[in-house]
Amino acid sequence: IVLCCVMALKEVYKYVVVGGGVAAGYAAREFVARGVAAGSVLIVSRETVAPYERPALSKAFLFGNPPARLPGFHTCVGGGGERQAPEWYAEHGITLALGETVTALDTTAKTIALQSGATITASDAIIVATGAGPIRLDKLPGATTLKGVHYLREHDEALELHAALKSAAANGAKVLCLGGGYIGMEVAAAASVMGAQVTMVFPEDHVMPRLFTPPLAQLYEQHYERKGVSMLKDRRIATAFNGVGGCVKSVTIGRLGGGDDETETIDADVVVVGVGARPDVALFGAQVTMDEKVGGVSVDGTMQTSAAGVYAVGDIAAFELGLYGDGRRVRMEHVAHARSSAACAVRAAMLRTAGETPSPTYEYVPYFYSRVFDLSWQFFGDAPPGSEFVMVADTPPKLLAAWLLDGRVTGVFMEAPSAENSAALRAIAVARPAVSAADLVATVTPDAALTLLTERTSKI
């Protein structure tokens, strides 16, 4: 692990990448693949480690046996590429400025100011990959003063959380996960696997409310319950963190819209807050067009913002989802989009440097996945409001589910798909074959349902 800049900083680079997460690592790979000259690229990251596959932090980093550790999951191993340890960047002439914070961005001059005092100019392009930061509960009593309240976004936070969960499991301590999304579910599973007593608290009616329907969520919730994880839901939120000796010992739980008589206290020695994330777009200020509806930086099909030569990728980019042809603009907080949007921006920037015109269309298929306990699901496509949900299951949690709109598949989900299944699911999401709910239900088994959808897809 490198704790400083890999090379001394210059005043001018052709290309500057702001942010050191997944997108930065995949941008570096694309620069190298396209033959960028040594010394042309600078990556600035406030973290003190080279870019890594961030999803690992809530998965194998916590519950792996042995747990995943750097340099094992530097980018781009998650996308089938080389493991880009710090030495890789040096070998390819890419400068890493680690442990550096960008304090200002001038999109017209294409300059960045660093906390260390340096000002860097990008002669050709700046790619902003600042990602999303966790929503913090700092206004709640005890939130910032008590030890034992954790967030999970960066490598150092994951190290602290793993140590806390391991200690909790060894000492019979209790873990409380706030949030029923990816972080809440994955950390709760990891803590349970490690042997801790775990409770989840979230205000929604069921887990993964942005994707899961009630029937689908029920299957996963039942699995958690069988593993000993308790769930408090239905408008439940944290209202205060309570401590003894400077350490959290319990959390006061209330109900949205409820009174004092609807509160309860849950014992907790470790609290993990996973209640959502917000795009980190503060550097832009009012310099570029923002998409107020989805909360990100508006970009075109090359990831370029309204400021020429300035690109926004990953979690912060608001782009047109061309797959459905309805002009819809979205923001995707997912590693697949971070990887592909970074590569898209690099291609466009280098082509423009060469005086060529990049493709105006960003081809992206929405994709989500998770691994918890002995379960592993994948979803491709879209689950729009008003769509019909159909689930085919034989021995739960083995299942396939589809979302249908106007008689066509818009999204498809499968538990424990093989690599071959995954390719088929993606093809189905792209082709959107016509099928009825009755046809799917009649297949009886998930494998048969997938075969039917694959056959329909092959005929398009």
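One numbering rule holds for all chains: residues counted from 1, following each sequence as written. This being a predicted model, a pLDDT of at least 70 is required before a residue's local features are given, and a value of 80 or more before pairs of side-chain atoms are given or counted; all residues contribute to the totals for chains, interfaces and linings. By convention in this description, side-chain values take in all heavy atoms of the structure and omit both hydrogens and water.

Undergrad: It is not clear to me how the overall build of the protein chain should be interpreted in this structure. Could you clarify?
TA: From N to C terminus, the protein chain includes 10 helices and 26 strands. Against the 2.2 N^0.38 benchmark of 23 Å for 460 residues, the protein chain shows a C-alpha radius of gyration of 23 Å, consistent with a compact globule. By its C-alpha atoms, the protein chain is 65 × 60 × 40 Å across when sized along the principal axes. With a 1.4 Å probe rolled over the protein chains alone, any residue whose accessible area is under 20% of its type maximum counts as buried; one over 50% counts as exposed, and the rest are partly exposed. Here the protein chain holds 460 residues, and the buried ones make up 53% of them. Note on contacts: a residue pair is in contact if any heavy atoms of the two residues lie within 4.5 Å. Summarising the internal contacts of the protein chain: among those between residues at least 6 apart in sequence, 64% fall at separations of at least 24. Side-chain charges in the protein chain split into 39 positive and 47 negative, and the spacing between the mean points of these groups amounts to 2 Å. Runs of E in the DSSP output that reach at least two residues are strands. Runs of H or I that reach at least four are helices, and both are numbered from the N terminus. In this setup the radius of gyration rests on C-alpha atoms only. A globule is expected at 2.2 Å times the number of residues raised to 0.38. In this tally, Lys and Arg are treated as positive and Asp and Glu as negative; His is ignored, and so are the chain termini. Where a charge lies is defined by one atom per residue type, namely NZ (Lys), CZ (Arg), CG (Asp) and CD (Glu).

Undergrad: Whenever I open this one, the sheet that holds strand β9 (residues 174-178) confuses me. Can you help?
TA: The strands that make up a sheet pair up through hydrogen bonds in the backbone, lying either parallel or antiparallel. A pair of strands is considered paired only if DSSP assigns at least 2 bridges between the two. Here we have 5 strands laid out as an open sheet, ordered β8-β15-β9-β10-β11, and parallel in their pairing. The open sheet terminates on both sides in strands that have one partner only, identified here as β8 (149-150) and β11 (230-232). Relative to β11, strand β10 (residues 197-201) runs parallel, the two sharing 3 bridges. Opposite Met200, over in β11, you have Met231 as the bridge partner. Only the stretch in contact is used when a helix axis is fitted, and all axes are lines through C-alpha atoms; the angle between N-to-C directions ranges over 0 to 180 degrees. Relative to the sheet, helix α4 (residues 155-170) contacts β8, β9 and β15 (270-273), its axis offset from that of β15 by approximately 140°.

Undergrad: Mind showing me how you'd approach the sheet that holds strand β23 (residues 375-381) here?
TA: On the basis of which strands lie adjacent, the open sheet formed by 5 strands has the order β22-β23-β26-β25-β24 and antiparallel pairing. Two strands bound the open sheet, and with one partner strand each, they are β22 (367-372) and β24 (388-393). Across this sheet, the average inter-strand angle for adjacent strands is 15°, counted without regard to direction. The sheet contact formed by β23 and strand β26 (residues 408-415) spans 5 bridges and is antiparallel. If you follow Phe379 over to β26, its bridge partner there is Phe413. Sitting on the sheet, helix α10 (residues 446-458) touches β24, β25 (399-405) and β26, and the angle it makes with β25 is about 40°.

Undergrad: What's the story with the packing of helix α8 (residues 419-431) against α10 in this structure? I'm lost.
TA: Packed helix pairs are specified by the crossing angle of their axes together with the interaxial distance, meaning the distance between the axes. Look at α8 against α10: their axes get within 9 Å of each other, and the N-to-C directions meet at 50°. With respect to α10, the axis of α8 lies oblique. Relative to α10, α8 is oriented so that their crossing is left-handed. When α8 is examined against α10, the residues Asn421, Ala424, Leu425, Ala427, Ile428 and Ala431 are found in contact with a partner set consisting of Leu450, Leu453, Thr454 and Thr457. Amino acid classes used here: Ala, Val, Leu, Ile, Met, Phe, Trp, Tyr, Cys and Pro are nonpolar; Asp, Glu, Lys and Arg are charged; the rest, including Gly, are polar. Its residues assigned to classes, the contact of α8 with α10 shows 7 nonpolar, 3 polar and no charged. Just so you know how the angles are binned, under 35 degrees is roughly parallel, over 145 roughly antiparallel, 65 to 115 roughly perpendicular, and the rest oblique. With the far helix as reference, a near helix turned anticlockwise by less than a right angle produces a left-handed crossing, and one turned clockwise produces a right-handed crossing.

Undergrad: How should the packing of helix α1 (residues 22-33) against helix α7 (residues 335-353) be read in this particular structure?
TA: At a closest axis distance of 8 Å, the pairing of α1 and α7 adopts a crossing angle of 40°. Between α1 and α7, the angle is such that the two are oblique. Note that α1 runs across α7; the crossing there is right-handed. Only Val335, Ala338, Arg339, Ala342, Ala343, Val346, Arg347 and Met350 of α7 make contact with α1, whose side of the interface consists of Val22, Ala23, Tyr26, Ala27, Glu30 and Phe31.

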